[in-house]
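The residues making up each chain are set out below.
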Amino acid sequence: MMSGISTIVTGAGSGIGRAIAERLGADGYRVLVNDLSLERAETVAAGIRSRGGAAVAFAGDVSSEADSASIHTAAVKAHGTVGLLVNNAGIAHQALFENLEVHDFDRMFAVHVRGTFLMTKAVLGPMLAAGKGSIVNIASQLGQIGGIELAHYSGAKAAIIGMTKSLAREVSSRGVRVNVVAPGPINTPLVMELSREWRERKKSELPLGRFGEPEEVAATVAFLASDEASLFVGQTLGPNSGDVML
Ligand code: NAP
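Keep in mind it's a predicted model, so treat the numbers as computed, not measured.

In this structure the tally under the stated criterion is one cavity of 30 Å³ or more. In terms of lining, the largest cavity is formed by Thr10, Val62, Asn87, Asn88, Ala89, Val111, His112, Gly115, Thr116 and Met119. Tallying contributions element by element places helix H4 (residues 102-130) first for the lining of the largest cavity, with five residues. Here the residues of the lining of the largest cavity sort into four nonpolar, six polar and no charged.

As structure tokens, this is what we get:
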């Protein structure tokens, strides 16, 4: 059990983020559950509290500078200096490169890259001042191998991996560990937005023969966040059913 570490999980009203918030709440972290929808965030936070954990809900868009600062302030107010940030908020959209619109590209990079940047900026100063902290960024295996109709998504996820490695080089000697989880296909509402053809083809390609469950990604996050992962710095772990082997 981790003793009451103040934690932010973004996009935690659904899917993988929800499972991460619930797992960390059960492990004794004190969790700020962020989502665009306050209602969904509050449902997750209430569930954690009903099982004896500590959690608050806070709505906000991670791609907004003002909202990212408010999310951080709310976490500090509720649970003290943030010791763990999980940048999970994300969106899905598919189009061939030749059909991608500039606004599709901008939104994809705003939520994933700008959101991860802004939330990290918000927590980093206090973490460095405290001399400890952990940041886990949720990318995707598509950031490692690319994907048809997913150039903007894959590009954004690759940017998260590069940004994480650079930050890890800068801050790990000062007590802050930064790592990436790059899941393969996971059964969540986001993956259901992708075409049936994509899902059927992807499933047939997987050595494990099945998509992952959100709880299986949450277990990877719980490991990277914990002191058991003390030697993991700027790493990308892949709970991906064997789709990508590095
Ligand atoms: P999900 O079920 O759609 O959950 C994503 C959550 O993020 C939603 O609750 C969404 O709110 C929220 N969100 C979206 N934009 C946000 C913003 N700007 N600020 C705050 N919250 C925001 O998707 P998921 O599958 O769990 O995905 C979670 C993360 O895992 C994403 O980063 C995704 O790219 C990554 N991932 C997923 C898979 C997969 O196969 N599912 C694989 C690899 C990586 P709304 O629903 O209200 O928009």
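It is worth spelling out the pairing of strand E3 (residues 54-59) at this point. Note: strand E2 (residues 30-35) against E3, six bridges, orientation parallel. Within the sheet, the bridge partner assigned to Leu32 lies in E3 and is Val56. Read from E2 through helix H2 (residues 38-50) to E3, the crossover connection turns out right-handed.

This part takes up the environment of Phe232. Within the element layout of this structure, Phe232 appears in the loop between helix H9 (214-225) and strand E7 (236-237). For Phe232, a relative accessible area of 28% gives the class partly exposed. When the C-alpha atoms of Phe232 and Ser14 are compared, they prove to be 27 Å apart, with 218 residues separating the residues in sequence. Those residues in contact with Phe232 that lie beyond four places of it in its chain are Arg177, Asn179, Phe223, Leu224 and Leu237.

So, on to the pattern of salt bridges. Scanning the model with the defined rule gives eight salt bridges in all. In this structure, Lys202 and Asp243 form a salt bridge, with 2.7 Å as the shortest nitrogen-oxygen distance. With Lys202 in helix H8 (residues 196-205) and Asp243 in the segment after E7, this pair connects stretches of sequence that are 41 residues apart. Side by side, Lys202 and Asp243 carry an identical accessibility label, which is buried. Salt bridges sharing partners connect three or more residues here, namely Arg201, Lys202, Glu205 and Asp243.

On to unusual backbone geometry, then. Leave glycine aside and you will find that most residues have negative phi; peptide bonds, for their part, are mostly trans. Unlike most non-glycine residues, Glu149 shows phi in positive territory, near 70 degrees. Mapped onto the fold, Glu149 is located in the loop between helix H5 (142-145) and helix H6 (151-171). Residues other than glycine seldom take positive phi values, yet Ser241 does so here, at roughly 60 degrees. Summarising the element assignment, Ser241 is placed in the segment after E7. Note on Ser241: relative accessible area 13%, which makes it buried.

With parallel pairing, the seven strands of this open sheet are ordered in space as E3-E2-E1-E4-E5-E6-E7. Two strands lie at the open edges of the sheet, namely E3 and E7, each paired on one side alone. Against the sheet, H9 makes contact with strand E4 (82-87), strand E5 (133-138), strand E6 (176-181) and E7, and its axis sits at roughly 160 degrees relative to E6, the strand it touches most.

A few words now on the layout of surface pockets. The method is simple in principle: a probe with the dimensions of a water molecule rolls over the atoms, and the space it marks as empty is what remains. Put simply, the largest pocket is a space of about 800 Å³. In terms of lining, the largest pocket is formed by 39 residues, of which the most central are Asn88, Ala89, Gly90, Ile91 and Leu190. At the level of secondary structure, the elements contributing two or more residues to the lining of the largest pocket comprise helix H1 (15-26), E2, H4, H6 and helix H7 (189-192). By residue class, the composition of the lining of the largest pocket is 20 nonpolar, 13 polar and six charged.

Calculation criteria
Residues numbered from 1 in each chain as written. Predicted model: local features only at pLDDT ≥ 70, side-chain atom pairs only at ≥ 80, totals over all residues. Heavy atoms only, no water. 1 Å grid on protein atoms, 1.4 Å probe; cavity = no way out; pocket = protein on both sides within 12 Å on 5 of 7 lines; lining within 4 Å. Points joined across faces, edges and corners; volume = space filled by probe spheres on them. Helix = DSSP H or I, 4+ residues; strand = E, 2+ residues; numbered from the N terminus. Nonpolar A, V, L, I, M, F, W, Y, C, P; charged D, E, K, R; others polar. Pairing = 2+ DSSP bridges. Right-handed = clockwise from strand over helix to strand, strands pointing away. Buried < 20%, exposed > 50% of the residue type's maximum accessible area, 1.4 Å probe, protein only. Contact = heavy atoms within 4.5 Å. Salt bridge = Lys/Arg side-chain N within 4 Å of Asp/Glu carboxyl O. Axes fitted to C-alpha atoms, helices over the stretch in contact; angles between N-to-C directions.

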